[in-house]
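# An overview of the molecular structure
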Amino acid sequence: MRFLLIGSGGREHALAWALSASPIVSKLYSAPGNAGIAEVAECVPIGAMELDRLVEFANVEKIDLVMIGPEAPLVAGLWDRLEAAGIKALGPSAAGGVLEGSKGFVKDLCAANDIPAAAYKRFGDAGAAKRFAAELGLPVVVKADGLAAGKGVVVAETTAERDRAIDLMLDRPGDELVVEEFLEGEEASFFVLSDGENVLPLAGAQDHKRAFDGDKGPNTGGMGAYSPAPVLTPAVMEKTLERIIRPTIAAMAARGTPYMGVLYAGLMIKDGEPKLIEYNCRFGDPECQVLMMRLRSDLATALLATRDRQLNHLDLRWSEDAALTVVMAAKGYPGEYPRGSEIRNLAAASQVEGVQIFHAGTNQEAGKLIATGGRVLNVTATGRSVGEAQQRAYRAVELIDWPEGFCRRDIGWRAISRKQP
Ligand code: AMP
Ligand code: GLY
């Protein structure tokens, strides 16, 4: 099978690494890829948002299946474009991408289908939004939606913060937002594949969103992750599937927009009861990296079965081992950071037992490995426990010579400090 993988981050390196080991993949292309991906795939210099060129390349190269890593090309309709040209691709469609694209849509879908989630209302008017937020008390969560969606999510601890967020998110005509109840508990992510009808559970993970140790500092795309997530017990996973994921897939099918592809549920879990915080229409980054380390079955077969609506015939095997990844980022990330510094000694670091280093933002220039992004490397390890995986990952981090980079020193602390039952 001829395979094309779209994207250039650590998530895509982990996917490329798994796909390159597949007995059914005869040729693996990556667009645009990075220096790590280039070790396992042929990289082609086409950006993830160059939709015309991607469709043309897939046509000319007779690609049998396209996997789209990041959300932006999915939401922009790359899946729809490829399929219209007769090329099989992993979705979702742009219509399915609404599960990530519109917070208000997901809230309404949950309410209409009794899916456990935070109480909420949608507003276009600041006065009404503030009155409802006052009823909910503090803290309270304000989420931009519709045209304002880029303005993010604010967990407001004070009335001033709350009112400022509402005013900012509704400052133009047509802006909308969601005000919702603050959920207490522990966050975790759960990943599934869906072919539009059937659901195949993958695995759970937890990430660290804040930039600095102790979960302090600004939010980032994720500074590390591990799998499995101890809070996602088999019972919690079963509840998540039955009460949240399956009703969502059924509702999407019923409205004529079946959801096909990877579905990532962000959950809040309290006393063994999961509630949905949000959906994403893709693998998490860096959660994907730890999932791929634990997957024992063939990824390409699973992705093809998803596209071909054959998921009911498939079962996946997962390692009992834990996996953990430490993100090494350029100093300054998630703010401004310099590019172009050299990274040395990766080969030695890769030799540490159980370690795989995925590249997230690198380039090879004149025989040197150069940092080109904010998140640059994902130092990933397996072990019998999260603790062992953590020790191995940090042993490898110590060997990497990159003075311009930094990482958190406490990835996995929550799982490691948890009392074993
Ligand atoms: P979202 O973009 O919806 O995932 O929100 C970003 C982050 O805000 C989540 O990962 C949570 O940490 C937090 N968050 C969002 N909604 C809630 C909620 N209802 N209660 C508590 N925390 C929330
Ligand atoms: N690591 C969080 C995300 O991929 O959205």
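Looking now at the site of ligand 2. Looking at ligand 2, the residues that line it are Asp207, Gly221, Tyr264, Arg282, Gly284, Asp285, Pro286 and Glu287. Separating a nitrogen atom of ligand 2 from a backbone N or O atom of Gly221 is a distance of 2.9 Å. For ligand 2, the accessible surface in isolation is 200 Å², of which the surrounding protein chains cover 86%. Mapping ligand 2 onto the cavity grids shows that it belongs to the largest pocket.

Moving on, we come to the nonpolar core. Judged by nonpolar contacts, the single largest core of 92 residues is most densely connected at Phe3, Val66, Ile245, Phe283 and Met292. If near-sequence neighbours (up to four positions away) are discounted, Phe283 is found in contact with Arg11, Leu15, Met67, Phe191, Leu202, Val262, Tyr264, Cys288, Leu291 and Met292. In this structure, Tyr226, Leu346, Ile400 and Ala415 belong to the second largest nonpolar core, which totals 30 residues.

Turning to the sheet that holds strand E8 (residues 175-181), a few remarks are in order. Pairing is antiparallel in the open sheet, where 4 strands are placed in the order E5-E8-E6-E7. One side of each edge strand has no neighbouring strand; the edge strands of this open sheet are strand E5 (120-123) and strand E7 (153-156). For this sheet the average axis-to-axis angle between neighbouring strands, irrespective of direction, equals 20°. Relative to E8, E5 is paired through 4 bridges, and the arrangement is antiparallel. When the sheet's bridge partners are listed, Lys121 is paired in E8 with Val179. The strands touched by helix H6 (residues 103-112) are E5, strand E6 (140-146), E7 and E8; relative to E5, the strand with the most contacts, the crossing angle is about 140°.

With that settled, consider empty space enclosed by the protein. Which parts of space are left empty comes out when a probe the size of a water molecule is rolled across the atoms. Under the definition given, this model contains 1 cavity of 30 Å³ or more. Computed from the structure, the largest cavity encloses a volume of approximately 90 Å³. Lining the largest cavity, in full, are Leu99, Glu100, Lys103, Val106, Lys107, Cys110, Ala117, Lys143, Leu276, Ile277, Glu278 and Tyr279. Looking at the lining of the largest cavity, the elements that each hand over two or more residues are helix H5 (98-101), H6 and strand E15 (273-280). Looking at the lining of the largest cavity residue by residue, the class counts come to 7 nonpolar, no polar and 5 charged.

Around ligand 1, a shell composed of 14 residues is seen, among which Glu180, Glu181, Leu183, Glu187 and Glu278 lie nearest. The side chain of Glu180 places a nitrogen or oxygen atom 2.6 Å from a nitrogen atom of ligand 1. One of the backbone nitrogen or oxygen atoms of Leu183 is found 2.8 Å away from a nitrogen atom of ligand 1. Burial of ligand 1 by the protein amounts to 84% of the accessible area it has alone, namely 470 Å². A molecule is said to occupy a pocket when more than half its atoms come within 2 Å of that pocket's grid points, and by this definition ligand 1 occupies the largest pocket. Listed by contribution, the elements that provide at least two residues to the shell around ligand 1 are E6, E8 and E15.

Rules behind the numbers
- Residues numbered from 1 in each chain as written.
- Chains lettered and ligands numbered in written order.
- Predicted model: local features only at pLDDT ≥ 70, side-chain atom pairs only at ≥ 80, totals over all residues.
- Heavy atoms only, no water.
- Near = heavy atom within 4 Å.
- Polar contact = N/O pair within 3.5 Å; in protein donor to acceptor, adjacent residues only side chain to side chain.
- Areas by Shrake-Rupley, 256 points an atom, 1.4 Å probe, with all protein chains shown as cover.
- 1 Å grid on protein atoms, 1.4 Å probe; cavity = no way out; pocket = protein on both sides within 12 Å on 5 of 7 lines; lining within 4 Å.
- Sits in = over half its atoms within 2 Å of the grid points.
- Core = buried A, V, L, I, M, F, W, Y, C linked by side-chain atoms within 4.5 Å.
- Buried < 20%, exposed > 50% of the residue type's maximum accessible area, 1.4 Å probe, protein only.
- Contact = heavy atoms within 4.5 Å.
- Pairing = 2+ DSSP bridges.
- Helix = DSSP H or I, 4+ residues; strand = E, 2+ residues; numbered from the N terminus.
- Axes fitted to C-alpha atoms, helices over the stretch in contact; angles between N-to-C directions.
- Points joined across faces, edges and corners; volume = space filled by probe spheres on them.
- Nonpolar A, V, L, I, M, F, W, Y, C, P; charged D, E, K, R; others polar.

Function cannot be inferred from these measures alone, as they are strictly geometric.
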